[in-house]
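The residues making up each chain are set out below.
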Amino acid sequence: MGSPPATVHEMRRAQRADGPAAVLGIGTANPPTCLAQDEYPDYYFRVTNSEHLTDLKGKLTRICNKSGIRQRFIHLNEEMLAANPDFTDRTRPSLDARVEIASAAVPELAATAAAKAIAEWGRPATDITHLVFSTYSGARAPSADRRLASLLGLRPTVSRTILNLHGCYGGGRSLQLAKELAENNRGARVLVACSEITLIAFYGPQGGCADNILGQALFGDGAGAVIVGADPVAPVERPLFEMAFASQTTIPETEDAISMQINKGGMEYHISNQVPRLLGCNVERCLVDAFRALGVSTAWNDLFWAIHPGGRAILDHIEGVLGLDDGKLAASRHVLSEFGNMSGTTVIFVLDELRRRRTVTAKQGGEAPEWGVMMAFGPGITIETMVLHAPSNLDLEGN
Ligand SMILES: CC(C)(COP(=O)(O)OP(=O)(O)OC[C@H]1O[C@@H](n2cnc3c(N)ncnc32)[C@H](O)[C@@H]1OP(=O)(O)O)[C@@H](O)C(=O)NCCC(=O)NCCSC(=O)/C=C/c1ccc(O)cc1
């Protein structure tokens, strides 16, 4: 009766997508409080009652001036600080209060970004089959992925994964996981959400702790969401970027270069001043390996670039070692300038900005590169690399 049973191999082949995973929609969101970078040292030392620490204020001012950042958005405001005075003192036990605020704020910010990505994608939220959520800002279960699924009305069978403490490479890792899920599950539609609020790592300045001063100068809050799926169904679904290849590399002997740890007073972190140099020494090898695996030969200046702007010096080093022309990292520099380093979320903002710029180029009759690269970095030191292809039928309008 009926046809002979398929082999397991045939069943698996039938479960897989035919084409590559692609970005089908992008959305971003930020909290309402915007801080101008040139006013930040005054703001920070005032709200933390630390005006007497003039050396540290001078250092923060020097870092802000060189940061390449114009403004940042943050969830924490002065009313919250007034209600939680322990937030300014890293020795006081304030983790409970931070987690309480973050547990609500992180998924809500993600929901705003996700609603925009879903609107651009053009299908109902109930068609989402998988959710990958990345954050360093929470420490509770059920966690932000569960809450986001409720806020968006996702189906109860949505397959959820949360990535915690991946820091600045969380966006790259989530997108790589989404690629695997979409390509290995025919018809899958994966929502990637990254949402970070720096409240978990906000403290007043403390002598002898330059890491904290660096973080206060660079980090901002934001959420980014991406819908990923293979074999887009025209005309509703339009691929913005196809994901051609993805890899992760850990730089040996750099375990201590970037670290984050949750303790009773919030999240402590250390960022070595060698990070820009270490990345500069290692990114080209990742790129060479990626393009060799694809069998594509290219000049770096023939690509479009979506690099995580971890700091201005990181972009400068990468631009230098790869010999990139002025403007090749413009999308990354723009996002750094207007939002700061929003950790894992930032690379989604860069993708969004990149496609906006490609629209302008196309409207002006110019040509944008067909192939490009997304890279994100974080503790490990970990480098996430993804080779992207922009299809010629690209709908670049976005939301
Ligand atoms: C904009 C910088 C900070 C300064 O510009 P510069 O061109 O290097 O300028 P200078 O060499 O004159 O340095 C200015 C000051 O910055 C100081 N500085 C220079 N890197 C450092 C340094 N890692 N430490 C602490 N002082 C420094 C440097 O010592 C100096 O201090 P001073 O001599 O007192 O003026 C630049 O070095 C830069 O972009 N660095 C890259 C920063 C970086 O590694 N970012 C990636 C890591 S991000 C990450 O892991 C995220 C973790 C995270 C954690 C918590 C969160 O909430 C969210 C996320």
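Reading the values: the criteria
Residues numbered from 1 in each chain as written. Predicted model: local features only at pLDDT ≥ 70, side-chain atom pairs only at ≥ 80, totals over all residues. Heavy atoms only, no water. Helix = DSSP H or I, 4+ residues; strand = E, 2+ residues; numbered from the N terminus. Rg over C-alpha atoms; globule rule 2.2 N^0.38 Å. Buried < 20%, exposed > 50% of the residue type's maximum accessible area, 1.4 Å probe, protein only. Contact = heavy atoms within 4.5 Å. Lys, Arg positive; Asp, Glu negative; His and termini not counted. Charge placed at Lys NZ, Arg CZ, Asp CG, Glu CD. Near = heavy atom within 4 Å. Polar contact = N/O pair within 3.5 Å; in protein donor to acceptor, adjacent residues only side chain to side chain. 1 Å grid on protein atoms, 1.4 Å probe; cavity = no way out; pocket = protein on both sides within 12 Å on 5 of 7 lines; lining within 4 Å. Sits in = over half its atoms within 2 Å of the grid points. Domains from an automatic or database assignment. Buried area = accessible area lost by both parts, 1.4 Å probe. Salt bridge = Lys/Arg side-chain N within 4 Å of Asp/Glu carboxyl O. Nonpolar A, V, L, I, M, F, W, Y, C, P; charged D, E, K, R; others polar. Pairing = 2+ DSSP bridges. Axes fitted to C-alpha atoms, helices over the stretch in contact; angles between N-to-C directions. Points joined across faces, edges and corners; volume = space filled by probe spheres on them. Phe/Tyr/Trp six-rings, centres within 6.5 Å; stacked < 30°, edge-to-face > 60°. Lys NZ or Arg CZ within 6 Å of the ring centre and 35° of its normal.

**Topic: the overall build of the protein chain**
Thought 1: Assigned secondary structure in the protein chain consists of twelve helices and 13 strands.
Thought 2: Its C-alpha atoms give the protein chain a radius of gyration of 21 Å, near enough to 21 Å, the size a compact globule of 399 residues would have.
Thought 3: Expressed along its principal axes, the backbone C-alpha trace of the protein chain runs to roughly 80 × 45 × 45 Å.
Thought 4: Looking at the protein chain residue by residue over its 399 residues, the buried ones come to 54%.
Thought 5: Here the analysis covers contacts within the protein chain between residues at least 6 apart in sequence; of these, 81% occur between residues at least 24 apart.
Thought 6: A distance of 2 Å separates the average location of the 37 positive side-chain charges in the protein chain from that of its 44 negative side-chain charges.

**So, the site of the ligand**
Thought 1: Close to the ligand lie 27 residues; Arg62, Lys66, Tyr136, Ile271 and Arg312 are nearest.
Thought 2: Interatomic distance of 2.9 Å between a side-chain N/O atom of Lys59 and an oxygen atom of the ligand.
Thought 3: Tyr136 is positioned such that a nitrogen or oxygen atom in its side chain is 2.8 Å from an oxygen atom of the ligand.
Thought 4: Judged by its atoms lying within 2 Å of the grid points, the ligand is housed in the largest pocket.
Thought 5: Contributions of two or more residues to the shell around the ligand are made by helix 3 (54-66), helix 8 (210-218), strand 10 (266-271), helix 9 (275-294) and helix 10 (312-322).

**Here's the deal with the domain arrangement of the protein chain**
Thought 1: As assigned here, the protein chain comprises domain 1 (21-230) and domain 2 (241-390).
Thought 2: For domain 1 and domain 2, the distance between their C-alpha centres works out to 18 Å.
Thought 3: Counting residues at the interface gives 60 residues for domain 1 and 47 residues for domain 2.
Thought 4: Carbon and sulfur atoms supply 59% of the area that domain 1 and domain 2 bury against each other, a total of about 4,400 Å² over both sides.
Thought 5: The interface formed by domain 1 and domain 2 contains four salt bridges.
Thought 6: Residue Arg90 pairs with Glu268 through a salt bridge whose shortest N-O separation is 2.3 Å.
Thought 7: Taken together, the links from domain 1 to domain 2 amount to 32 residue pairs in polar contact (both at pLDDT 80 or more).
Thought 8: Only strand 1 (21-29), strand 3 (71-74), helix 5 (95-121), helix 7 (170-184), strand 6 (189-196), helix 8 and strand 7 (222-230) provide two or more residues apiece to the side of domain 1 that touches domain 2.
Thought 9: The element best represented in the side of domain 1 that touches domain 2 is helix 7, accounting for eight residues.
Thought 10: The class makeup of the residues in the side of domain 1 that touches domain 2 is 26 nonpolar, 21 polar and 13 charged.

**Looking at the sheet that holds strand 6**
Thought 1: What the nine strands build is an open sheet, ordered 5-4-6-7-1-8-13-12-11; its pairing is mixed. One side of each edge strand has no neighbouring strand; the edge strands of this open sheet are strand 5 (159-164) and strand 11 (304-307). Sheet twist, expressed as the average angle between the axes of neighbouring strands with direction ignored, equals 25 degrees.

**Overview of the environment of Gly68**
Thought 1: Its location among the elements puts Gly68 in the loop between helix 3 and strand 3.
Thought 2: On the basis of relative accessible area, Gly68 is assigned to the partly exposed category, the value being 36%.
Thought 3: The spacing of Gly68 and Asp96 is 28 residues in sequence and 34 Å in space, taken between C-alpha atoms.
Thought 4: Other than its neighbours up to four places away in sequence, Gly68 contacts Arg312, Leu336 and Ser337.

**Focus on the layout of surface pockets**
Thought 1: Taken as a whole, the largest pocket holds about 920 Å³ of empty space.
Thought 2: Contributing to the lining of the largest pocket are 45 residues, with Leu214, Leu218, Phe219, Ile271 and Gly310 lying nearest its centre.
Thought 3: Secondary structure elements with two or more residues in the lining of the largest pocket: helix 3, strand 3, helix 8, strand 9 (258-263), strand 10, helix 9, helix 10 and strand 12 (371-378).
Thought 4: Element by element, the count of residues in the lining of the largest pocket is highest for helix 8, at six residues.
Thought 5: Each of domain 1 (21-230) and domain 2 (241-390) gives at least three residues to the lining of the largest pocket.

**Here we look at the packing of aromatic side chains**
Thought 1: With the rule as written, the count across this model stands at ten aromatic pairs.
Thought 2: On the basis of an interplanar angle of 15 degrees and a centroid distance of 5.7 Å, the ring pair of Tyr40 and Tyr44 is categorised as stacked. With a gap of four residues between them, Tyr40 and Tyr44 both fall in helix 2 (residues 40-47), about one helical turn apart. Like Tyr44, Tyr40 is buried.
Thought 3: Judged by centre distance (5.3 Å) and plane angle (90 degrees), the ring pair of Tyr44 and Phe45 falls under edge-to-face. Each member of the pair Tyr44 and Phe45 is classed as buried.
Thought 4: An aromatic cluster of three or more residues is present, and its members are Tyr40, Tyr43, Tyr44, Phe45 and Phe202.
Thought 5: Of note, Arg72 hangs over the ring of Tyr40, and the distance from its end group to the ring centre comes to 4.4 Å.
Thought 6: Here the basic side chain of Arg358 rests over the ring of Phe304, its NZ or CZ set 4.7 Å away from the ring centre.

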